[in-house]
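# Structure at a glance
Residue strings, one per chain:
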Amino acid sequence: MIVYNLFPPLVGPFGAWVPHMERAASMGFDWLFVNPVQLPGRSGSIYSVADHFRINPMLVDPAGPGSAEDQARTAAEHAHRLGLRSMVDLVINHCAADADLVGRHPEWFRHEPDGSISHPSCVDGNDRVVWEDLAQFDHDTPDAAGLERYFVDVAGYLLSLGFDGFRCDAAYQVPQSLWRRLVGEMKARRPDLVFVAETLGCSPEQTRSTAAGGFDWIFNSVKWWDFQSPWLMEQYQLMREIAPSIGFPESHDTLRLAREVDGNVEALKQRYLLAALFSAGCMMPIGYEFGFRRDMHVVHTRPTDWEATGVDLCGYIGAVNALKRNHAVFGEEGPTAVLSSPGDAVLVLWKASTTASQEALVFLNTDAWNHQEVLVDDLRAMLSTERRLIDVSPDGHMDYISVSPFHYGLRPGQGVVLVTG
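Read on for an overview of the structure. Bear in mind the structure is a predicted one, so any value in this text is a computation, not a measurement. (Residues numbered from 1 in each chain as written. Predicted model: local features only at pLDDT ≥ 70, side-chain atom pairs only at ≥ 80, totals over all residues. Heavy atoms only, no water.)

This part takes up the overall build of the protein chain. On a plain count of helices and strands, the protein chain comes out with 11 helices and 21 strands. Radius of gyration (C-alpha) of the protein chain: 22 Å, near the 22 Å computed for a compact globule of 421 residues. Along the longest, intermediate and shortest principal axes, the C-alpha atoms of the protein chain span 70 × 45 × 45 Å. The proportion of buried residues among the 421 residues of the protein chain is 56%. Relative to all contacts within the protein chain whose residues are 6 or more apart in sequence, the contacts with residues 24 or more apart total 70%. If you sum the accessible surface of the protein chain, you get close to 17,200 Å²; carbon and sulfur atoms cover 51% of it. The average position of the 33 basic charges and that of the 54 acidic charges among the side chains of the protein chain differ by 4 Å. (Helix = DSSP H or I, 4+ residues; strand = E, 2+ residues; numbered from the N terminus. Rg over C-alpha atoms; globule rule 2.2 N^0.38 Å. Buried < 20%, exposed > 50% of the residue type's maximum accessible area, 1.4 Å probe, protein only. Contact = heavy atoms within 4.5 Å. Areas by Shrake-Rupley, 256 points an atom, 1.4 Å probe, with all protein chains shown as cover. Lys, Arg positive; Asp, Glu negative; His and termini not counted. Charge placed at Lys NZ, Arg CZ, Asp CG, Glu CD.)

Below, the structure is given as structure tokens:
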């Protein structure tokens, strides 16, 4: 899965999605991920769903043809014509605190000792953050069958809009048994549906347990890696045989990377290349290709937040996506190892395919501000095969590779990608 995250509040009505979908397809993405499209509650957060069976009015053109659902289906059909499948957020851990559902079925929700509705929360450092605009479902409710049937109906409604899969929000907070039944029932209707679990922030044990609920994909944490610490590879080795994973350089939940690196384009290229080549899948949010700095906000973002940056990485991102698609070693959760030492300014990543006779070496300048030199006595010592190496780097190829010794001057943030032919 090479996923483009189309953030609806930034784009607006379904009819306005077309040029963004066309750009995504031209860059070689094959999936769209769309954040919630249903009617939000009083807070305005798109993740605070007040009515699971109504479309968010900001996505509907009152003068457009057909109903809100018809406009959504038209957008999905256009994506299909471009070769894009689409998945939408499935949010079943909570809903809006002011949703009518809270009054109709109070037995489906958790309650505090005083009888009030429980709100989801998390610990951020030493503080507990409580989302008071949300009501938390009680998955241990005596009416578990009724709640489960409701979730099946919600998924069926989204499926009727033309979506081909679901990104399941806070999946690890929902019981594995519920996911297994929901995924099983939906795939019985449509076997090619894809379920992706959002498991960021949970332990490896929680991720393994969640993935066992029938998920096709999970997300990994390469975005937060410092190029040295062992935790990422430890997580990767634990998970790679459970489910393939999706890496990303930023998401709608994080700061914009361009703001973090003060607009350093080489850093944007560096982190996208790593996210794309590290694991079987990758995802990039809308605006990354233009170096957007304004964070995607689930309440406040609007189409007027579109930025004129003068940055255009569409060609580079397209080249990375083509590289990923054209070489099997970058399209699976194969054996992977870090060959560089902690403290080195150049990351050396070795990967091997389990489905094709192919290996890869990635030399990535971890410093996006300064040049670095690569000097290796013999590249063949890093490989298990004598096959010749081919340079498939996204921004310039070597026609001839001297393997013994191998010497190369890396530009700031540059990555050199070599595969066995």
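Anyway, onward from the coordinates.
What the rule picks out here adds up to 20 aromatic pairs. Centroid distance Tyr272 to Tyr288: 6.3 Å. Interplanar angle 45°. Geometry classified as tilted. Taken together, the residues span a long stretch of sequence, with Tyr272 in helix 10 (residues 265-278) and Tyr288 in the loop between strand 14 (281-285) and helix 11 (314-326) at a distance of 16 residues. Classification of Tyr288 as buried rests on a relative accessible area of 2%. Aromatic side chains Phe290 and Trp306 sit 6.2 Å apart centroid to centroid with 70° between the ring planes, which places their arrangement in the edge-to-face category. On the criterion of sequence distance, the pair formed by Phe290 in the loop between strand 14 and helix 11 and Trp306 in the loop between strand 14 and helix 11 is long-range, its members being 16 residues apart. Since its relative accessible area comes to 16%, Phe290 is described here as buried. (Phe/Tyr/Trp six-rings, centres within 6.5 Å; stacked < 30°, edge-to-face > 60°.)

Right, let's talk about the pattern of salt bridges for a bit. Under the defined criterion, the tally for this structure stands at 21 salt bridges. The salt bridge partner of Arg85 is Asp192, with a shortest N-O separation of 3.4 Å. Of the two residues, Arg85 sits in strand 5 (residues 85-90) while Asp192 sits in the loop between helix 6 (176-189) and strand 11 (194-197), which places them 107 residues apart along the sequence. In this structure Asp192 comes out as partly exposed when scored by relative accessible area, which is 39%. Among the salt bridges present, the one from Glu185 reaches Arg189, with a minimum N-O distance of 4.0 Å. Highlighted residues: Glu185 and Arg189, both in helix 6, separated by four residues, approximately one helical turn. Among the residues examined, Glu185 registers a relative accessible area of 25% and is labelled partly exposed. One continuous salt-bridge network, built from bridges that share partners, spans Arg85, Asp164, Arg190 and Asp192. (Salt bridge = Lys/Arg side-chain N within 4 Å of Asp/Glu carboxyl O.)

An order of 1-2-5-10-11-12-13-14 is seen for the eight strands of this closed barrel, with the pairing classed as parallel. Across the sheet, the axes of successive neighbouring strands diverge by a mean angle of 30°, strand direction being ignored. Note that strand 2 (residues 31-34) and strand 5 share four bridges and pair parallel. Bridged to Val34 within strand 5 is Val88. Running at roughly 145° to strand 14, helix 10 makes contact with strand 1 (2-6), strand 13 (245-247) and strand 14 of the sheet. (Pairing = 2+ DSSP bridges. Axes fitted to C-alpha atoms, helices over the stretch in contact; angles between N-to-C directions.)

What follows is about the nonpolar core. One recurring pattern in soluble globular proteins: nonpolar side chains tend to sit buried together. The biggest cluster of nonpolar side chains holds 123 residues, and the ones touching the most others in it are Phe29 and Tyr272. Setting aside residues no more than four positions away along its own chain, Phe29 makes contact with Ile2, Val3, Tyr4, Ala24, Leu84, Tyr272, Met284, Ile317, Asn321 and Arg325. Counting residues in each nonpolar core, the second largest holds 18 residues, with Ala352, Phe363, Phe406 and Leu410 among its members. (Core = buried A, V, L, I, M, F, W, Y, C linked by side-chain atoms within 4.5 Å.)

On to the sheet that holds strand 21 (residues 415-420). Sheet strands pair via backbone hydrogen bonds, and the direction of the pair is either parallel or antiparallel. If you trace the five strands from one edge of the open sheet to the other, you get 15-16-17-21-19, paired in antiparallel fashion. The open sheet is flanked by strand 15 (336-338) and strand 19 (389-391), the only strands paired with a single partner. In this sheet, adjacent strand axes meet at a mean angle of 20° when their direction is disregarded. Sheet analysis places strand 19 next to strand 21, joined by three bridges and oriented antiparallel. In the sheet register, Asp391 faces strand 21, and the bridge partner there is Leu418.

Next up on the list: unusual backbone geometry. Cis rather than trans, the peptide bond between Ser404 and Pro405 has omega equal to 0°. With respect to the helices, strands and loops of the structure, Pro405 is situated in the loop between strand 19 and strand 20 (406-410). We note that Phe227 has phi near 75°; this positive angle belongs to a residue other than glycine. With respect to the helices and strands, Phe227 occurs in the loop between strand 12 (217-219) and helix 8 (231-239). In the Ramachandran plot, Asp262 falls in the positive-phi region, its phi being about 55° despite a non-glycine side chain. Residue classification places Asp262 among the exposed residues on the basis of a relative accessible area of 60%.

Next up on the list: the layout of surface pockets. In this structure, the largest pocket occupies an estimated 880 Å³ of space. Taken together, 28 residues line the largest pocket, and the ones lying closest to its centre are Trp131, Asp169, Glu198, His252 and Asp253. For the lining of the largest pocket, a count of residues per class yields 12 nonpolar, 11 polar and five charged. (1 Å grid on protein atoms, 1.4 Å probe; cavity = no way out; pocket = protein on both sides within 12 Å on 5 of 7 lines; lining within 4 Å. Points joined across faces, edges and corners; volume = space filled by probe spheres on them. Nonpolar A, V, L, I, M, F, W, Y, C, P; charged D, E, K, R; others polar.)

Bringing helix 11 into the picture now. With 13 residues, helix 11 should reach 18 Å at 1.5 Å per residue; the first-to-last C-alpha distance of 18 Å fits that figure. The set of residues buried in helix 11 consists of Cys314, Tyr316, Ile317, Gly318, Val320, Asn321, Leu323 and Lys324. In the core, the buried residues of helix 11 are packed alongside strand 1, helix 2 (18-26), helix 10, strand 14 and strand 21. (Expected span 1.5 Å × (residues − 1).)

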